[in-house]
Amino acid sequence: MATLRTPLPDSRTEPDGSAVVRVLSYNVRSLKDDTGALARVIRACAPDLVCVQEAPRFFRWRKAAARLAAMTDLVMLSGGATAAGPMLLCSLRAGVEHTEDVLLPRTPGLHRRGLATAVVRVAGARLGVVSCHLSLRAEERRAQAGMLLDRLDGMGVPHAVVGGDLNDVPRGAAFGQLAGKLQDCRAVRPWGGEATFPAEAPRKRIDAVFATGGIEVLGCGVPEDLPGVTGADLRAATDHLPVLAALRVPAGG
């Protein structure tokens, strides 16, 4: 499928109560890089929901997360150190119904992983949201992908989105496991750039946004040509490029 060259749809509420939402997935490398550039990229994307990976986890992490939220005109929804790195931010358009931070089983000698999860309402739509950052080890990564899918099944929502750094490429087992059950939004409706890592010279697509089947994908990719986003800011903000998706979520639920 050809990459869309038309502008990505803005957030809006449709006459039938369905919601067009913008979902951004972004590995921010614990805010070790240029936070001004990072904030400019996020603001230009105008997201309703942000699935953050590698959020600050250590000394005064809540203060650092709150600062990022304030710099981007968003609010902290869930996650951070309590989810071992994944975090959710949202705009005031999202009404929060429920949040839960989930720690996944730890393999001795490897970094602890977790999920930041929430259920929100946007206009007339009810939506589950998950931010994830999967393991560097293939076997553990596959197991975590299965646990993520189990968590989605248990959220009790008709529609859900997942944003994450998968540490895996589309032909990989964990990526394929998720794409077998969910829509890989970039593959369904490609828009913008494709490769996400490393930011300086991207060669691999290891970051993605997924959606359950009832959600209409309007476009998804790296927002490299989005007004307000510059190549210099993308390279300075962190070592990953962000993935932005526009989705139409049906009303109800």
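All values derive from a computational prediction rather than experimental measurement.

> Which parts of the structure should I look at to understand the overall build of the protein chain?
A tally of helices and strands in the protein chain yields six helices and 13 strands. The globule rule puts the C-alpha radius of gyration for 253 residues at 18 Å, and the 16 Å found for the protein chain is close to it. With 253 residues in all, the protein chain has 56% of them scored as buried. The long-range fraction of contacts in the protein chain, counting pairs at least 24 apart against all pairs at least 6 apart in sequence, stands at 73%. If you sum the accessible surface of the protein chain, you get close to 10400 Å²; carbon and sulfur atoms cover 51% of it. Distance from the positive charge centre (31 side chains) to the negative charge centre (26 side chains) of the protein chain: 4 Å.

> Please clarify how helix α3 (residues 138–153) should be interpreted in this entry.
Residues spaced three or four apart along an α-helix face the same direction, because each turn holds 3.6 residues. Here α3 contains 16 residues, and its C-alpha end-to-end distance of 23 Å stays within 8% of the 22 Å for a straight helix at 1.5 Å per residue. Of all the positions in α3, only Glu140, Arg141, Gln144, Ala145, Gly146, Leu148, Leu149 and Leu152 are classed as buried. Structurally, α3 contributes buried residues whose contacts are with β7 (114–122), β8 (125–133), β9 (160–165) and α4 (173–181).

> Just to check I follow, could you spell out the packing of helix α1 (residues 35–45) against helix α2 (residues 61–71) for this structure?
The axes of two packed helices give the description: the angle between them and the distance between them. Running from N to C, α1 and α2 cross one another at 50°; their axes reach a closest spacing of 9 Å. For the element pair α1 / α2, the angle class is oblique. Every pair of crossing elements has a handedness; the one defined by α1 and α2 is right-handed. For the pair formed by α1 and α2, the contact residues are Thr35, Gly36, Leu38, Ala39, Ile42 and Arg43 on the first element and Arg67, Leu68 and Met71 on the second. Tallied by class, the residues present in the contact of α1 with α2 amount to five nonpolar, two polar and two charged.

> Sorry, what's going on with the pattern of salt bridges here?
Two side chains with opposite charge may pair up if their charged atoms get near one another. Tallied over the entire structure, the rule returns twelve salt bridges. As a salt-bridge pair, arginine 12 and glutamate 14 come within 3.3 Å of each other at their nearest N and O atoms. You can call arginine 12 partly exposed: its relative accessible area is 35%. Notably, a salt bridge pairs glutamate 14 with arginine 248, separated by 3.2 Å at the nearest N-O pair. Within this pair, whereas glutamate 14 is found in the loop between β1 (12–13) and β2 (19–27), its partner arginine 248 is found in strand β13 (residues 243–249), the two being separated by 234 residues in sequence. Taking relative accessible area as the criterion, glutamate 14 reaches 16% and is therefore assigned buried. Here the residues in one salt-bridge network are Arg12, Glu14, Glu216 and Arg248, joined through shared partners.

> Looking at this model, I keep getting lost on the sheet that holds strand β6 (residues 94–103). Mind explaining?
Each strand in a sheet pairs with another by means of backbone hydrogen bonds, the pair being arranged parallel or else antiparallel. Spatially, six strands are ordered β6-β7-β8-β9-β11-β10 in an open sheet, and the strand pairing comes out mixed. Only two strands of the sheet have a single partner each, and these edge strands are β6 and β10 (183–184). Bridge analysis of β7 against β8 gives eight bridges, and the strand direction is antiparallel. Bridging across to β8, valine 120 finds its partner in leucine 127. The sheet contacts of α4 involve β10 and β11 (207–211), and relative to β11 the element is tilted by about 20°.

Calculation rules
Residues numbered from 1 in each chain as written. Predicted model: local features only at pLDDT ≥ 70, side-chain atom pairs only at ≥ 80, totals over all residues. Heavy atoms only, no water. Helix = DSSP H or I, 4+ residues; strand = E, 2+ residues; numbered from the N terminus. Rg over C-alpha atoms; globule rule 2.2 N^0.38 Å. Buried < 20%, exposed > 50% of the residue type's maximum accessible area, 1.4 Å probe, protein only. Contact = heavy atoms within 4.5 Å. Areas by Shrake-Rupley, 256 points an atom, 1.4 Å probe, with all protein chains shown as cover. Lys, Arg positive; Asp, Glu negative; His and termini not counted. Charge placed at Lys NZ, Arg CZ, Asp CG, Glu CD. Expected span 1.5 Å × (residues − 1). Axes fitted to C-alpha atoms, helices over the stretch in contact; angles between N-to-C directions. Parallel < 35°, antiparallel > 145°, perpendicular 65-115°, else oblique. Left-handed = near helix turned anticlockwise from the far one by under 90°. Nonpolar A, V, L, I, M, F, W, Y, C, P; charged D, E, K, R; others polar. Salt bridge = Lys/Arg side-chain N within 4 Å of Asp/Glu carboxyl O. Pairing = 2+ DSSP bridges.

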